[in-house]
Each structure stands twice: as structure tokens, then as C-alpha cells.
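Take a look at the letters that make up each chain.
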Amino acid sequence: MGRDGGVSCLRRAEMNMMSVGGIESTPAPAPAPAPAPAPAPLDLDEVHVLAVDDSLVDRIVIERLLRITSCKVTAVDSGWRALEFLGLDNDKASAQLDRLKVDLIITDYCMPGMTGYELLKKIKESSNFREVPVVIMSSENVLTRIDRCLEEGAQDFLLKPVKLADVKRLRSHLATKDVKLSNGNKRKLPEDSDSVIITPPSPSLTISTESSPPLTISPDSSDSSSSSSPPLSPVEMFSSSPIDNDEDDDVLTSSPEESPIRRQKMRSPGLD
Amino acid sequence: MLGLGVDRLQADINRLLASLFHQGVLDEHFLQLQQLQDETSPNFVYDVINIYFDESEKLLRNLRLLLMDREFSDYKKIGLHLNQLVGSSSSIGARRVRNVCVAFRSASELSNRPGCLRGLEVAEHEYHYLKNMMHELFQVLSFILLLHMRIKLGYGRQ
């Protein structure tokens, strides 16, 4: 993933018993804590995404999804902050204002104050940023809402919770699409947001089956004392598709490849 | 032997997770979180879940304060809080919490006070159940961690 210069509204979680010595590292028990990265100037070659979501949990998840797909991320908690970041929060266009390089804006729909739709409109009204693709996220699958956003110029509409596959798809569009950006003078990142704090290297608590030991779940482990239903091997659960398929009526399963709604009005051909 | 201890603990985790999936307490989005964890972000799952707990407890507390107020009438505010809870719960795969909050939200949209009170109780119950399960999971994981460290550092066959 490389170094992140992305500034975000990320609060550090408590680390109590999990700050144990690095197991992956050398025999020396105490790892040196990694310093918090200084906010770096934006690199013209990297994709920079502005993520907008009022929920802290969702902001963290979307930020991680984007970072994993090699994007720089700036995450803000409201439409107003987004406009502020883009320099659109007042009517006067400042000539001295450094142009910002933003390759994608991804925003939640339901936010107090300014909704994602309202933010979308404001972005499309601006001369500097109207070409920037805007993606709307929502946990509600409401067709009228989707249509309205697409008509207003949204690039795509994602159902929450957003999956890695969704973000990878977005990313591949950005890689191949000829995006006309605002002129790319580097601009200092805003200093009022919290910077990302990298936790010191500590043992992975992943319970994934693919990663290296020590914490892979042993496929041999079986247990007789579980519930009356036939015990599913947990390894199967982790690697295969979901067991529990009764989705609620109000939400479609978000499967990007199959959803016709998402394919609508995409300007570039689907790439996966 | 330490090795046997680790196997047993891993079996415990397997069992616990299998049970949570079976019960519908967790869904596949919880697994999605695992995909986001790697060497550059080794504590991601733990961190996100703890943030989820902090945020959810605040929201539930506020909901209780609002509803306990005898002169309460701001159902819209309840709705806003519940939107947050529904959203974050679904983001981390906390399916049952999400579902009970959706039901709770429906009651608030109908300005149904007793329905809301019931909804709140159920939401609190489901939330605490999830939290206890997660704590148990993390505790077992930390034991495994400890054992592995001991093995690696050669703390012998005891």
C-alpha cells in the first residue's frame, strides 16, 4: 500500500491488551512504535479520493477499502466539510486558491444537514469539480433515489455496506478512464483534521484462513459440542459464500457485476 | 504442551464464530472486514469493532435519554440516531443488531412510543449480546497470541 499521506477524521481506538510484542518480527520482544506520518503533499500520479460520511465506522471502513486499492483518501464527516475541503464553501472563486487534485468523490446519501444528493448537485454546479466522478452510497435501495442521483450526474450508486469488490471496480474505472482534472497544483492538506495514527506493529489478530500462521484457523479442528444443526466447518464459512441468505426485503443484495442499476449510465465500459 | 493449547483455543474460536453465524448474529460483512486487515493495518478488525462499540453505546444511551423523557416528542431525532446504528451495524456485519434497529426505526416513524421503548430494549439486548461475544472472541485470540509468542520465544514444553 505504501505510505499514506491521506489525512482523515479517524479516531484512534483504544488499544489495551492488544499492544503485545510483534510476533512477526525478530526475536526482540519490544517493537519500535512507528511514527505517525507527516501529511505529504499530494502526488499527481496517485488517485485521490474524497470520502464523505457522517458515520465514523463507515468512514473508517471506506477509507480502508480505498487505501487497500491504492488510493489516497481524505475522509470528512459532512457535506459542508467536503465543500470546505474543495474550496467551494463560499461563492467567491478565489484566484489564489491552489487547485486541488481530487479524482473521485464518494459520499453517503443520508447525512444530517446536507445530503449526499445535495452535495452532488453542488459539485456538479461548480466549474472546478463538475468533471470529478461522484459516487453515492446508501443503505437503502430506493429506485427513485438512485434515479435522481444518476440523473443529477452521479457516476455510480453503491449499496451499503460497500464491499471490496465494489471499490476495486471503481478503482479500475479510474485507472483507465481519461479523467479531466482540475489543474494539479499541489495543495497543502487541511490541518484541522486528525492525522492517521499508525499503530505499532503488533501481531495480527486476523482469523482469516489465508494468511500465514499463527492465527489461521486449523481446518482439522472440529467440535462435537455445538448446536443441534449439523456443524458447518468454519473454514467453509470463511472461504465460501454466505450461509444465511435471507436478506431483508428493503435491500437488494449488492452484487456489482450483476446489478443493472449500477451499470446504468456508466460512461466507460465495464471492465470486470 | 503449548501446541495442544493453541489448537484447542482455535477450536474454541471456530465454534464461537460458527455459532454466531448460525444464529444470524453476524453475517458475511463481518468476513469482509477480515479482507481489509493486513500487515499495514494488522489491528483493523479489532479497531473498527471497538469504534463501533463506542459509537453504538453513545447512540443507545442517547436513545434511552430521549425516550425516558416524559415530554419526549422528537421522533425524527430518534430516526437519525437509528439510521446511524443501522448503518454502522450493517457495515461490520452485526446483522441482528441491524435488524432490530430497523424494526425500532419503523416504530419511530409511526411515532409509536411503546413500540419505541420495546425496540430500544431489544436493541440494547442484542447489542450487549454481540459485545459479550466479541469480547470473548478477542479474549481467546489474545490467549492464542500469548501462547504463540511463548512458543516462538522458546518458553519450552511445560
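Residues numbered from 1 in each chain as written. Chains lettered and ligands numbered in written order. Predicted model: local features only at pLDDT ≥ 70, side-chain atom pairs only at ≥ 80, totals over all residues. Heavy atoms only, no water.

Helices and strands together make up the secondary structure of chain A, namely seven helices and five strands. Reading the helices (α) and strands (β) of chain A from amino to carboxyl end gives β-α-β-α-β-α-β-α-β-α-α-α. The buried share among the 272 residues of chain A stands at 49%. Contacts spanning at least 24 positions in sequence make up 72% of the contacts within chain A whose residues lie at least 6 apart. Carbon and sulfur atoms make up 51% of the accessible area of chain A, which amounts to about 13600 Å² in all. (Helix = DSSP H or I, 4+ residues; strand = E, 2+ residues; numbered from the N terminus. Buried < 20%, exposed > 50% of the residue type's maximum accessible area, 1.4 Å probe, protein only. Contact = heavy atoms within 4.5 Å. Areas by Shrake-Rupley, 256 points an atom, 1.4 Å probe, with all protein chains shown as cover.)

Here we take up the sheet that holds strand 1 (residues 47-52) of chain A. Residue and element names in this part refer to chain A. The five strands lie next to each other as 2-1-3-4-5, forming an open sheet whose pairing is parallel. Two strands close off the open sheet at either side, each with one partner strand: strand 2 (71-76) and strand 5 (156-159). The average angle at which neighbouring strand axes cross in this sheet is 20 degrees, direction not considered. Across four bridges, the pairing between strand 1 and strand 3 (residues 104-108) is parallel. (Pairing = 2+ DSSP bridges. Axes fitted to C-alpha atoms, helices over the stretch in contact; angles between N-to-C directions.)

Another point: the nonpolar core. Where a protein is soluble and globular, its nonpolar side chains tend to be buried together. Counting residues in each nonpolar core, the largest one holds 77 residues, and the members touching the most others are I106(A) and M134(B). Y117(A), L119(A), V132(A) and L150(A) belong to the second-largest nonpolar core, a separate cluster that totals 27 residues. (Core = buried A, V, L, I, M, F, W, Y, C linked by side-chain atoms within 4.5 Å.)

All names here are of chain B. At a minimum axis separation of 11 Å, helix 3 (residues 44-68) and helix 6 (residues 113-152) run at an interaxial angle of 155 degrees. One finds that helix 3 runs roughly antiparallel with respect to helix 6. Helix-helix and strand crossings are classified by hand; for helix 3 and helix 6 the assignment is left-handed. Residues of the contact of helix 3 with helix 6, tallied by class, amount to 16 nonpolar, two polar and six charged. (Parallel < 35°, antiparallel > 145°, perpendicular 65-115°, else oblique. Left-handed = near helix turned anticlockwise from the far one by under 90°. Nonpolar A, V, L, I, M, F, W, Y, C, P; charged D, E, K, R; others polar.)

Let us now look at the environment of H29(B). Structurally, H29(B) is set in helix 2 (residues 28-35). Once the C-alpha coordinates of H29(B) and G93(B) are considered, the two residues, 64 residues apart in sequence, prove to be 4.3 Å apart. Not counting the four nearest positions on each side in its chain, H29(B) is found in contact with P161(A), K163(A), S90(B), S91(B), I92(B) and G93(B).

Once that is clear, we can look at the pattern of salt bridges. Under the definition given, this model contains 16 salt bridges over all chains. The closest approach of N and O atoms between R169(A) and D156(A), which form a salt bridge, is 3.2 Å. With R169(A) in helix 5 (residues 164-176) and D156(A) in strand 5, this pair connects stretches of sequence that are 13 residues apart. The same class applies to R169(A) and to D156(A), which are both buried. Ionic pairing is found between E57(B) and K131(B), a salt bridge with its closest N-O pair at 2.6 Å. Residue E57(B) is found in helix 3, and its partner K131(B) is found in helix 6; the two are separated by 74 residues along the sequence. Residue E57(B) is classed as partly exposed on the basis of its relative accessible area, which comes to 24%. A cluster of three or more residues bridged by salt bridges with shared partners is formed by D53(A), D58(A), D108(A) and K160(A). (Salt bridge = Lys/Arg side-chain N within 4 Å of Asp/Glu carboxyl O.)

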